[in-house]
Amino acid sequence: MEVTMDPLFLAWSYFRRRKLQQCSDICSKILQDSPYDQAAWSLKTRALTEMVYIDEVDVDEEGIAEMILDESSIAQVARPGTSLRLPGTSQGGGPTPAVRPMTQSGRPITGFVRPSTQSGRPGTMEQAIKTPRTASTARPVTSASGRFIRLGTASMLTNPEGPFINLSRINLSKYSQKPSLSRTLFEYIFHHENDVKNALDLAALATEHAQFKDWWWKVQLGKCYYRLGLYREAEKQFRSALNHQEVVDTYLYLTKVYQRMDQPLTSLNLFKQGLDHFPGEVTLLTGIARIHEEMNNISSATEYYKEVLKQDNTHVEAIACIGSNHFYTDQPEIALRFYRRLLQMGVYNCQLYNNLGLCCFYAQQYDMTLSSFERALTLVANDEELADVWYNIGHVAVGIGDLVLAYQCFKLTLAFNNDHAEAYNNLAVLELRKGHIEQSKAFLQTAASLAPHMYEPNYNLSILCEKIGDLQSSYTAAQKSEDAFPEHADTQQLLKQLRQHFAAL
Amino acid sequence: MYNFISLPFSTLPDETMPEVKSTLREVLPKQGQLYMEDVPTMVLCKPKLLPLKSVTLEKLEKMQMEAQEAVKQQELAMKEQVQQMPS
């Protein structure tokens, strides 16, 4: 005779083993038999939440509307070194754009992407609107129309019987008085349904019921305010929560608020306060390093990433950032060691193999170069990645002097990603070498319009125009190049020459 | 006189490696002008290290893909239903 397990216990077991779908199915069955079973109900909400749970600390998606209609920042023209929005103010002596490529927001590319670093912050409205057109870093119009809503509606669609909990019919004040149910319900509303307004109502009622003494509810209130864009209110809640109980997460949320309000120095102070309470806490150290990196202060960012590695020597972000920094400061062999460490740790993806390939090539370990790139090509997930890998293989081809291969690689890059400005620029250089002036000029113009943040296409265009005698176009292109990279000596010299020419006329 | 060639890669391999003959002695002119000319060259964009993705980002992307798939399948099912209805 078969002994059946208690279904609730089985569901718990599934939940602990993260077999969430099975857990949710069993709970649904229990609920069909006895609709008022609170344990099963609570467990099912938790399972559904876990399915779509994302760490809220890491999530930060700024829409165009928030960025342009931003009223929370204090100074429109901030002093250098006090704002995250002035990418050009480098004090750290990091590599110039002549060595290290830039992202669209004018920051040097980093070794690691998180949801918030994905697209940076464009400076002007024009650039902001333009950005989504270059497919890979599409930005939502507002964060309210962003990824969360799309995910929320998708989860609704997949449930043909409708949502598990009908939020419009639920009596929030009843649930807010049951501490054991209210928390799971809140997380379900916040993470699964993405209904911040209802979540806020529930949190407000619950914190009232707890007589404003429960730090957890205050943090949740802060999270809701942050999502709604009410940063000052969020700040108040997080501060008050910290008075009740020192928690690392609360520090992280609070610094996120300050970063959104463009006060990086306040964030840094807060991180340091946090470190007094939690010495050597990795997330806080990482936070400091990220702020330094965003303020273009690469050397102190690296210091802090090294500090992170002293505490946790398997920290992928720290290793990747230090590695990429070494690569762009002309030490590819050291970068190679960092990336090899990642490989040992079990990171296995296209990006890592691509970086290994590049490091191997520039560290003159030619035996590994092509096999790494081959691996990278087999591991790509989408066309943009494929384009980037081919672009880098093109560089290897340039390096060994095989210009036919280089040409083909850059062409392939464009076949996979039609907006790859760097590839256009490099193709233009190759075309000019072949003597195709018109073709080269067309490529350069395309590159310049696709990526106004890069100085290379404009500089090249300026040289080309100067050579064919079109001094006016040369001058305008050189000026654009100067805007993108003011310290570039060759551009300065070219401009000086052109001014002399014009003065002579 | 240093002769800089204006385009990248335009030096041919056989030009760069002249055969050294021991019979030729190096001559450094004591008179005359030595001048160099700096001709601007085109620049290539730099190789791009690809940033690694954080766990959160990977999860977000995976969830988004799955959601899109689910929506697509549901739409397909709807279409099939509509097609079957008249018959």
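Residues numbered from 1 in each chain as written. Chains lettered and ligands numbered in written order. Predicted model: local features only at pLDDT ≥ 70, side-chain atom pairs only at ≥ 80, totals over all residues. Heavy atoms only, no water.

Asker: Looking at this structure, how should I read the overall build of chain B?
Answerer: Along chain B, the regular secondary structure elements total 2 helices and 1 strand. For chain B, the sequential pattern of α-helices and β-strands runs α-β-α. For chain B, the computed accessible surface area is about 7600 Å², with 58% contributed by carbon and sulfur atoms. (Helix = DSSP H or I, 4+ residues; strand = E, 2+ residues; numbered from the N terminus. Areas by Shrake-Rupley, 256 points an atom, 1.4 Å probe, with all protein chains shown as cover.)

Asker: What is the right way to look at the packing of aromatic side chains in this model?
Answerer: In this description, an aromatic ring pair is defined by two values, namely the gap between the centres and the angle between the planes. All names here are of chain A. The full count for this structure, using the stated rule, is 20 aromatic pairs over all chains. Relative to tyrosine 253, the ring of phenylalanine 238 has its centre 5.5 Å away and its plane inclined at 10°; by these criteria the two rings are stacked. Pair noted here: phenylalanine 238 is in helix α11 (residues 231-244) and tyrosine 253 is in helix α12 (residues 248-260), with a separation of 15 residues, a long-range link. The class for tyrosine 253 is buried, based on a relative accessible area of 7%. Here the aromatic cluster, defined as three or more aromatic residues joined through ring pairs, consists of Phe327, Tyr328, Phe361, Tyr362 and Tyr366. Above the plane of the ring of phenylalanine 190 lies lysine 223, whose end atom (NZ or CZ) is 5.3 Å from the centre. The ring of tyrosine 407 is capped by lysine 434, whose NZ or CZ atom sits 3.7 Å from the centre of that ring. (Phe/Tyr/Trp six-rings, centres within 6.5 Å; stacked < 30°, edge-to-face > 60°. Buried < 20%, exposed > 50% of the residue type's maximum accessible area, 1.4 Å probe, protein only. Lys NZ or Arg CZ within 6 Å of the ring centre and 35° of its normal.)

Asker: Explain the packing of helix α8 (residues 179-193) of chain A against helix α9 (residues 196-209) of chain A here, please?
Answerer: In helix packing, the relevant descriptors are the interaxial angle and the interaxial distance, both defined with respect to the helix axes. Residues and elements named next belong to chain A. Remark: α8 packs on α9, axes separated minimally by 8 Å, with the N-to-C direction vectors making an angle of 160°. Overall, the two elements α8 and α9 adopt an arrangement that is roughly antiparallel. As for how α8 packs across α9, the hand of that crossing is left-handed. In contact with Ser182, Leu185, Phe186, Ile189 and Phe190 of α8, α9 contributes Asn198, Ala199, Leu202 and Ala203. Here the contact of α8 with α9 is built from residues that sort into 7 nonpolar, 2 polar and no charged. (Axes fitted to C-alpha atoms, helices over the stretch in contact; angles between N-to-C directions. Parallel < 35°, antiparallel > 145°, perpendicular 65-115°, else oblique. Left-handed = near helix turned anticlockwise from the far one by under 90°. Contact = heavy atoms within 4.5 Å. Nonpolar A, V, L, I, M, F, W, Y, C, P; charged D, E, K, R; others polar.)

Asker: Before we go on, may I ask you to explain the confidence of the model for chain A in this structure?
Answerer: The predicted coordinates of low-pLDDT regions are not to be read in fine detail. All names here are of chain A. The share of residues in chain A with pLDDT of 70 or more is 83%, and the mean pLDDT across the chain is 85. Summarising per-element confidence for chain A, the mean pLDDT is lowest in helix α5 (residues 125-130) (52) and highest in helix α21 (residues 403-416) (96). Note that pLDDT drops below 50 for residues 118-124; the model gives that stretch 20 contacts with residues more than four away or on any other chain. (pLDDT = per-residue confidence, 0-100.)

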